[in-house]
Structures are given as C-alpha cells and as structure tokens.
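Next come the chains, spelled out residue by residue.
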Amino acid sequence: MIYNLALTLVQQPEVLERVLRVVRHRGFKVTTLDMQLAANGTTQVDMVVESERALELLSHQLNKLIDVTECKVLSAEQLSTKLTTRLSTTQIQPASALNA
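Asks: Can you help me understand the sheet that holds strand S4 (residues 68–74) in this one?
Replies: For sheets, the rule is that strands pair by backbone hydrogen bonds, running either parallel or antiparallel. Strand order in the open sheet made by the four strands is S2-S3-S1-S4, with antiparallel pairing throughout. In this open sheet, the two strands that pair with only one neighbour each are strand S2 (29–37) and S4. Taking the axes of each pair of neighbouring strands and ignoring which way they run, one obtains an average angle of 20 degrees across the sheet. One ladder, built from eight bridges, connects S2 with strand S3 (residues 42–50); its direction is antiparallel. Counted as the bridge partner of Thr-32 is Val-48 from S3. In the packing of helix H1 (residues 15–25) onto the sheet, contacts are made with strand S1 (2–10), S2, S3 and S4, and the angle to S1 comes to roughly 150 degrees. Along the sheet, helix H2 (residues 55–64) contacts S1, S3 and S4; its crossing angle with S4, the most-contacted strand, is approximately 160 degrees.

Listed below in structure tokens is the structure:
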C-alpha cells in the first residue's frame, strides 16, 4: 500500500533523522520526500511511504515524537494539489545567481 503523509516539524538539526528512523523501524519505505523550511520556525515535510503494514503503526509513532507538531494522512489528490501549489509559488534561482 502507498500512503501520503504531511508532517509539520519543529526546525531542529536532528528532527528529519528521527522521523526517518521511525519510518524505517516501523517497516515503511520512503518513496518520495519533499521538505520546505517555513519562516515561523517549522519545517513542512510531505512524504510518500510504502508498506504492507497498517499506516496507524507509523502515524501514531510519529505523533509521539516531541518535534512533530502535526501528522496528517493525505489522499493522493490532496498531496498532488499541495505539491503543485508549492512548486508554483517557489522561485528557482539560476545557478549563476547563486555563485555571485
């Protein structure tokens, strides 16, 4: 089964590592990961995971992590809409501008 998760995390250096460790320990495989840093001190992570296990095994454990402020299960349509909106509002700078 393929599941879509939207996580809101506190911006800490180790928070993504903790989340990925829980995903691995619960027997899920990450197939897509999108992360955005927000100005309010949070990190938005959209993750697509795959496993034959029930999603509740993962979502309950993620909610227990102290740096996870929200864990939502999204439908495929919700995730697609969210990613499309995020990509359309993100400004990409050319590599020449980054080296200046």
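Asks: What should I look at first to understand the packing of H1 against H2 in this one?
Replies: When two helices pack together, their arrangement is given by the angle between their axes and by how far apart the axes lie. At a minimum axis separation of 10 Å, H1 and H2 run at an interaxial angle of 150 degrees. As summarised for this structure, H1 and H2 are arranged roughly antiparallel, according to the angle between their axes. Helix-helix and strand crossings are classified by hand; for H1 and H2 the assignment is right-handed. Contact residues: H1 offers Val-19, Val-22 and Val-23, while H2 offers Leu-58, Gln-61 and Leu-62. Partitioning the contact of H1 with H2 into residue classes produces five nonpolar, one polar and no charged.

Asks: Please clarify how the nonpolar core should be interpreted in this entry.
Replies: Across soluble globular proteins, nonpolar side chains show a tendency to be buried alongside one another. Grouped together as the largest cluster of nonpolar side chains are 18 residues, with contacts concentrated most on Leu-7, Val-19, Val-49, Leu-58 and Leu-62. Among the secondary structure elements, those contributing two or more residues to this core are S1, H1, S3, H2 and S4. When neighbours within four sequence positions are excluded, Val-19 is seen to be in contact with Leu-7, Leu-9, Met-47, Leu-62, Leu-65 and Val-68.

Asks: What's the story with the pattern of salt bridges in this structure? I'm lost.
Replies: For side chains of opposite charge, pairing can occur when their charged atoms come near one another. Tallied over the entire structure, the rule returns three salt bridges. Note that Arg-21 and Glu-17 form a salt bridge whose closest N and O atoms lie 4.0 Å from each other. Residue Arg-21 and its partner Glu-17 are both found in helix H1; the two are separated by four residues, about one turn of the helix. Taking the relative accessible area as the measure of exposure, Arg-21 reaches 37% and is therefore partly exposed. Residues Asp-67 and Arg-18 are paired through a salt bridge, measuring 2.7 Å at the closest nitrogen-oxygen approach. Of this pair, Asp-67 sits in the loop between H2 and S4 while Arg-18 sits in helix H1; the two residues are 49 residues apart in sequence, bridging distant segments of the chain. Exposure remark for Asp-67: the relative accessible area of 11% places this residue in the buried category. Owing to a relative accessible area of 30%, Arg-18 belongs among the partly exposed residues under this scheme. By sharing partners, the salt bridges in this structure join Glu-14, Arg-18 and Asp-67 into a single network.

What counts, and at which threshold
- Residues numbered from 1 in each chain as written.
- Predicted model: local features only at pLDDT ≥ 70, side-chain atom pairs only at ≥ 80, totals over all residues.
- Heavy atoms only, no water.
- Pairing = 2+ DSSP bridges.
- Helix = DSSP H or I, 4+ residues; strand = E, 2+ residues; numbered from the N terminus.
- Axes fitted to C-alpha atoms, helices over the stretch in contact; angles between N-to-C directions.
- Contact = heavy atoms within 4.5 Å.
- Parallel < 35°, antiparallel > 145°, perpendicular 65-115°, else oblique.
- Left-handed = near helix turned anticlockwise from the far one by under 90°.
- Nonpolar A, V, L, I, M, F, W, Y, C, P; charged D, E, K, R; others polar.
- Core = buried A, V, L, I, M, F, W, Y, C linked by side-chain atoms within 4.5 Å.
- Buried < 20%, exposed > 50% of the residue type's maximum accessible area, 1.4 Å probe, protein only.
- Salt bridge = Lys/Arg side-chain N within 4 Å of Asp/Glu carboxyl O.

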